[in-house]
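A closer look at the structure
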Amino acid sequence: MFKEETYAKIDPDSVPKVVLNNGSEIPVVGLGTFGSDNYSADEIATAVGFAIKHGYRHIDCASVYMNEKEIGVSINKVIDEGVVTRKELWITSKVWNDRHGNGEVIAACKQSLKDLQLEYLDLYLVHWPFPNYHAPGCDGDARNPDSKPYIHEEFMMVWRQMEQLVEMGLVKNIGTSNMTIAKMKLLLRDAKIKPVVNEMELHPHFQQQELFDYMTANKIVPIGFSPIGSPKRPERDRTATDTVDIEDPEILKIAQRLNVHPAVVCIKWAAQRGEVVIPFSVKPSKIISNLEAVTHHPLTEAEMKQMATIDKNSRLIKGQVFLWKTAKGWEDLWDMDGIIAQ
């Protein structure tokens, strides 16, 4: 599967970096490691090793993906082989929803560090702003009776531990994931250490322009997950109204001009827009083309303007498995009217 001699290595210095609000620099493309329940931990860990050997310096992990131990072996191996130094890598992890209690965030981070065989993380995120969680591999109708809406005081207990991790030297940068404007306003009001990023669903058919603009106005860099529309997402995250980005006529037209896969167009658009992107793949050719996308042949100004017109507000990762008993629907997770749902 991984005949490395047949794939060109990409110069890591040719991959642009984005400067965060504290001066840290994050590579604009990282390898996502959520296998959407389709790939084993070993397959994903092998992809991580291949990616680093071929120019990736940014790997996006999370404890809930259940593959950090295997990824840690791959990272340690490429460091031991002299392919890369620890300092040259940007490794992200995330605290899962069931570890939001007092002291649990710090313990969860220490466990991720142990599993990844690292002394520090470059970035640690709060995966979701709720303590709600679901069983691995559950279907879309699954509900946890203990789930509850966002409670800011409880989230701040989580964030104080995130800040403590920075003070302890275990984490260089902290950020959020799946936040809304209403929730972020409260966090920015109360945080001692401001989040540097917010990881969020972003792709051409779900551009989230209002949220994107709010984050950038507050010097919080958006990291886009599902940047090509997550064609292999779990069944629980599929509905009849979903659209397919890589089949969009405008994207296909640009792909034809550049003689590339439509996914490459999505990644170019995201990076030129000002996002950091974390596409997932275990296929060597796609791992390479996803990184190579940001090194040459950008979209034209006219194409970027045209891409802005194809937004369909098509949220793919709705999060319905995190709903609480009194929630009306998945929309309540996203504060659609600007008010935090209770």
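Look a little higher up for the structure.
Residues numbered from 1 in each chain as written. Predicted model: local features only at pLDDT ≥ 70, side-chain atom pairs only at ≥ 80, totals over all residues. Heavy atoms only, no water.

1. Here's the deal with the pairing of strand S9 (residues 221-225)
Burial runs high along S9: five of the five residues are buried. Residue alternation in S9 divides its side chains into two sets, Val221, Ile223 and Phe225 and Pro222 and Gly224, and both sets are buried. Two elements, strand S8 (residues 197-201) and S9, share five bridges in a ladder whose sense is parallel. Bridge assignment links glutamate 201 to a residue of S9, and that residue is phenylalanine 225. One crossover worth recording links S8 to the parallel S9 by way of helix H6 (residues 209-217), and it is right-handed. Sheet topology places S9 next to strand S10 (residues 276-277); two bridges connect them, and they run parallel. If you follow isoleucine 223 over to S10, its bridge partner there is valine 276. (Buried < 20%, exposed > 50% of the residue type's maximum accessible area, 1.4 Å probe, protein only. Helix = DSSP H or I, 4+ residues; strand = E, 2+ residues; numbered from the N terminus. Pairing = 2+ DSSP bridges. Right-handed = clockwise from strand over helix to strand, strands pointing away.)

2. Some points on the pattern of salt bridges
One pass over the full model with this rule turns up 14 salt bridges. A salt bridge links arginine 189 to aspartate 190; the shortest N-O distance between them is 2.9 Å. Residues joined by salt bridges that share partners form a network here, namely Lys53, Lys77 and Glu81. (Salt bridge = Lys/Arg side-chain N within 4 Å of Asp/Glu carboxyl O.)

3. Focus on the layout of surface pockets
By volume, the second largest pocket amounts to about 540 Å³. If you trace the second largest pocket, you find 24 residues lining it, with Gln208, Glu210, Arg315, Trp334 and Met336 closest to the centre. Those elements that place two or more of their residues in the lining of the second largest pocket are helix H5 (181-190) and H6. When residues of the lining of the second largest pocket are assigned to their parent elements, the largest contribution, three residues, is made by H6. (1 Å grid on protein atoms, 1.4 Å probe; cavity = no way out; pocket = protein on both sides within 12 Å on 5 of 7 lines; lining within 4 Å. Points joined across faces, edges and corners; volume = space filled by probe spheres on them.)

4. Describing the sheet that holds S10
Ordered in space as S3-S4-S5-S6-S7-S8-S9-S10, the eight strands form an open sheet in which the pairing is parallel. A single partner strand is all that each edge strand has here, and the edge strands are strand S3 (31-32) and S10. Here strand S4 (residues 58-60) runs beside strand S5 (residues 90-95); their pairing, made up of three bridges, is parallel. Pairing of aspartate 60 across the sheet is with threonine 92, part of S5. Each of S5, strand S6 (123-126) and strand S7 (174-177) is contacted by helix H4 (residues 152-167), which is oriented at about 145° to S7, the strand it contacts most. (Contact = heavy atoms within 4.5 Å. Axes fitted to C-alpha atoms, helices over the stretch in contact; angles between N-to-C directions.)

5. Describing helix H1 (residues 41-53)
With 13 residues, H1 ought to run about 18 Å at 1.5 Å a step, and its terminal C-alpha atoms sit 19 Å apart, in line with that. Those residues of H1 that fall on the buried side of the exposure criterion are Ala41, Ile44, Ala45, Ala47, Val48, Gly49, Phe50, Ala51 and Ile52. Close packing links the buried residues of H1 with S3, S4, helix H2 (68-80) and helix H9 (284-292). The first or second residue beyond H1 is glycine 55, which carries a positive phi of 120°. (Expected span 1.5 Å × (residues − 1).)

6. Some points on unusual backbone geometry
Of note, asparagine 178 is a non-glycine position whose phi angle comes to about 60°, a positive value. Checked against the element boundaries, asparagine 178 lands in the loop between S7 and H5. Positive phi values are uncommon outside glycine, yet lysine 219 reaches one of about 60°. Residue placement: lysine 219 occurs in the loop between H6 and S9. For lysine 219, a relative accessible area of 57% corresponds to the exposed category.

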